[in-house]
Each structure stands twice: as structure tokens, then as C-alpha cells.
Amino acid sequence: MLIVWSGTGLAAAATVDKITVTISAAEPPPDRIAKRMTTSVTTVGEQMLLGRTVGDVETNKASYEKLVREIFDRVLVGYTVDQVNILPGSTTHISVAVVPWGDVVQSVSLEIDLSGLSPDLVKLIKKDMGKVEDQVANVLIGLPVDSVEWAGGVSKAVIRELLAAELPEFRSNLEITAGQHTNIKLSLVPAGPVIDNVQLSLRSRTIPNILLAEASPPVREAAGMLRGLPVAFVERHKDYFSAEISQAAARHPAASKYGITLTPVIHTGTETQITLNAETVKYRVTLEGNLDMGHQDDNTSAKLHIGKFTGNRDEVFFEVKFLPDNLTWKFDPGWGHKFTENTMAGIRYNFSDKESTLWLNQYVGSNWTIRFEHMPKSEFNEFGVRYKLHDFLSAEYVITEKENWLRLVANL
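Residues numbered from 1 in each chain as written. Predicted model: local features only at pLDDT ≥ 70, side-chain atom pairs only at ≥ 80, totals over all residues. Heavy atoms only, no water.

Undergrad: Would you mind going over helix α4 (residues 61–75) with me for this structure?
TA: One turn of the α-helix equals 3.6 residues, which is why residues spaced by three or four share an orientation. Taking 1.5 Å of rise per residue, 15 residues should cover 21 Å, and α4 covers 21 Å from first to last C-alpha, within 8% of that figure. When we look at burial in α4, the residues that qualify are Tyr-64, Glu-65, Val-68 and Phe-72. An end-on view of α4 places all buried positions within 100° of arc, on one side of the element. Those residues of α4 that are exposed and angled more than 90 degrees off the buried face are Ala-62, Lys-66 and Arg-74. Where α4 is buried, its residues touch α2 (31–49), α3 (54–59), β2 (79–87) and β3 (91–100). (Helix = DSSP H or I, 4+ residues; strand = E, 2+ residues; numbered from the N terminus. Expected span 1.5 Å × (residues − 1). Buried < 20%, exposed > 50% of the residue type's maximum accessible area, 1.4 Å probe, protein only. Arc of directions from axis to C-beta. Contact = heavy atoms within 4.5 Å.)

Dropping the structure here:
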């Protein structure tokens, strides 16, 4: 008897140190909502029971169950608390059975407001968003319609968490309309700096700028889709936008006719710069006009270069040069070899002067070119450094043994 009395006394003196909760229903609530219910009941249970003796909880079990039911009934919208059962112990367990009342949410649709964006951009953004609609549906389907507003905070938190991970360049605004078919309107607002303007530059070493100018309208239209987008979003999807711009340019008839390869380079920023490099492996045709300042003879000239690539690296060409000052024409056939993408050298022969010229062109970056020419017969050397000021205009400083001068080059 002493042993039994002592065991009973110890049990009565033990205190409640932990609360666990189970939420059940004939139609179980969505996981996230069940977790929120569990958290609410756990909070109530901890405030009510932690630190009390197990004996006290056993003695007043019915009163505590009634109190939990009344409190949770006031907090919980859309559900009725059907039953509360408390299992006393150092870890006390509270079981709560709930019953939904009224209609429940059967389907969820997510309407995304992306007005002003092209259908392709909308697809890209939705792809970034992943399965947001499915995630939201998991939160709301099965909930009583009247509890959607109560659970809306959870739904919005879910959407914002997903968007922060998948689409960090935008902030979201949400509007939830509850019903058996619940509709969620989502609008996206750019976060951080956006692209205010797009500057397009078309450049080529093998195609006349005049021909490129014909292809610029569709390219400019494609580049215009970047305006208003977050800079970070465009930077993250640079490959996608490069491909879109390339495809827009490739639709021009000249692209397939001359076998043009189009490579856009995007430099993102509030003032985004796009350089479209257009090259062909079939031909090289250039037309330029020169105006020399500080040179004694032939201050103006025009040169047409027409070349045909005979392989991946070799070119056979013919150049025609016209000197308006003395109405002179010069005809130079020649050959060139491409050692690297930026280094080309070869030889040409001038019929008028009956003299050959060895030449070397070295491209440095997208704007600089170094040129060297050597005439073995007359032992004449010419060195030039050219800088592209604009798609249609370059400046070159020419150095020879006798004189130096500045040349303006119109890249037609």
C-alpha cells in the first residue's frame, strides 16, 4: 500500500513540461493550414497547462477541454470544433477534431497581371514562377470558403516565399476572391533598377553597314522588349534575350541569302547597350570613304572591297580605289588568311603601280584596329591605329617614315 500511494503521489506531483497537438477532420485541412491550427492550439495549451501538475490536469480535464474548445472556436473561422481531448502527462497531448461548415474551396486559379509584356515574356516569367499555382492550390483547396480570408495570410506568404526564390527581381501584390472556385489576382512590380533605354549598335567586318541598316528595324523592335524590365532579370536571362534578338535579325532576307551569323552582346544597365555582330563565312564586302587631314597628296578617297572566302580561313578579294583629287582608279587583287578571329594578313597587287603590298590587320576589342602595310619594292611602310567612333564613322592615325596624319573613315 505504501508503494502504491508513493507512485500515485509522484504522478500527481509531476508537472506538464511539453504540449503536443493533433488536428483531425473528416476532410483534413491542407498541410500548411493544419500546421497553423496546430500552432494556435499549442500556444493556447502552453499558456493554459505548462507548469501545472499532471494531477491538476487530470482532475480538471473536462474544464480544460471546454476552455480549449471555446477559445479555438472564436479564433477559427470556417470550422466548428467538434471535440477536444486532453491526454495528461509530463508531455500532455491535445487532440482537436474540427468540422468544416458551408462550402469548401474546390479549385484555385491564379491570374497574373503582366499587361504590356509580350506573350513570350509572359511565358518566361511564368516559367520562372514554376508551380506557384499548384503550391497555392495545396494551401486553399479543401478549406471552407469562409476561412479563406483567415488562411489568406498563409497563402500570400507561400506565394511571396516562392517568388522570392524563383523571381527575386519582382515584388508581388495579391488579391484573393474566395469561393468554391477561388481566384487569386497577382500583379508583379519590378524591384530594383529597371531598363529605361536601349541603345542598339550593328557591326560587321564582312558586311557593309548600309546592308545592316536594312535589318535594324526588326532588331530594334525586339530589343525594345527590354524596356521597363528589371536590370537583374535581363542579366539573369541574357541567353534568352540574346537568342530572341538573333532570331529577329535572322528573319531578314539578307541573313539567309549571305549566310550571316548574328551574335548579340548585351551590356545590361538602366541604359542597356546591345551590340549585334553580323558576320558571314561566304563573302566579305566593305565600302569606305576616307578624308585625310595633314596629308600632302590624295586627301580624299573611296575604296570598295569584294572578297570570297575559299575556306574557313582564306579569302580571295578584289579592291577598287577611287581618288577624286586626280580622278584616278586603282585596282588591287589579293589574298588574305585568317590566323585567328582577330588576326588577318595577306598580299595584294596594285596594277597601276605594278607593286605588291604585304598587309596585316589586328582587331583589338570591338572598337580598335591596328593596321600595318609593307611594300617590298619601294621599302615603304605604313602603320595605322583606327578607332570606331560610331557604326558609320571611324578615326585613324596614320604613321609613315615621312609624315603622320589623321584620317576620318566613313564606314558605309
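Undergrad: Even after reading the chapter, I still don't get the packing of aromatic side chains, so can you show me in this structure?
TA: The description of an aromatic ring pair uses the distance of the two centres, along with the angle that the planes make with each other. Per the counting criterion, the structure on display carries eight aromatic pairs. Here the aromatic rings of Phe-317 and Trp-359 are separated by 6.2 Å at their centres, their planes lie at 65°, and the arrangement is edge-to-face. Of this pair, Phe-317 sits in strand β12 (residues 314–323) while Trp-359 sits in strand β15 (residues 355–364); the two residues are 42 residues apart in sequence, bridging distant segments of the chain. Of the aromatic side chains, those joined through ring pairs into one cluster are Phe-170, Phe-233, Tyr-240 and Phe-241. (Phe/Tyr/Trp six-rings, centres within 6.5 Å; stacked < 30°, edge-to-face > 60°.)

Undergrad: How should the pattern of salt bridges be read in this particular structure?
TA: For side chains bearing opposite charge, pairing can occur when the charged atoms are close. Within the structure shown, the criterion is met by 17 salt bridges. Measuring nitrogen to oxygen at the nearest pair gives 2.7 Å for the salt bridge that ties Asp-292 to Arg-407. Remark: Arg-407 occurs in strand β19 (residues 404–411) and Asp-292 occurs in strand β10 (residues 283–293); sequence separation between them is 115 residues. Of the two residues, Asp-292 and Arg-407, neither departs from the other in class, the shared state being buried. For Lys-330, the salt bridge identified is with Asp-353, shortest N-O distance 3.8 Å. Placement of Lys-330 in strand β13 (residues 328–340) and of Asp-353 in the loop between β14 (343–350) and β15 is noted, with a sequence separation of 23 residues between them. (Salt bridge = Lys/Arg side-chain N within 4 Å of Asp/Glu carboxyl O.)

Undergrad: Explain the sheet that holds strand β16 (residues 368–375) here, please?
TA: Within a sheet, each strand pairs with its neighbour through backbone hydrogen bonds, oriented either parallel or antiparallel. Here we have ten strands rolled up into a closed barrel, ordered β10-β11-β12-β13-β14-β15-β16-β17-β18-β19, and antiparallel in their pairing. The sheet shows a mean angle of 25° between the axes of neighbouring strands, taken without regard to direction. The pairing of β10 with β19 spans six bridges and is classified as antiparallel. In the strand pairing of β19, Asn-290 is matched with Val-409. (Pairing = 2+ DSSP bridges. Axes fitted to C-alpha atoms, helices over the stretch in contact; angles between N-to-C directions.)

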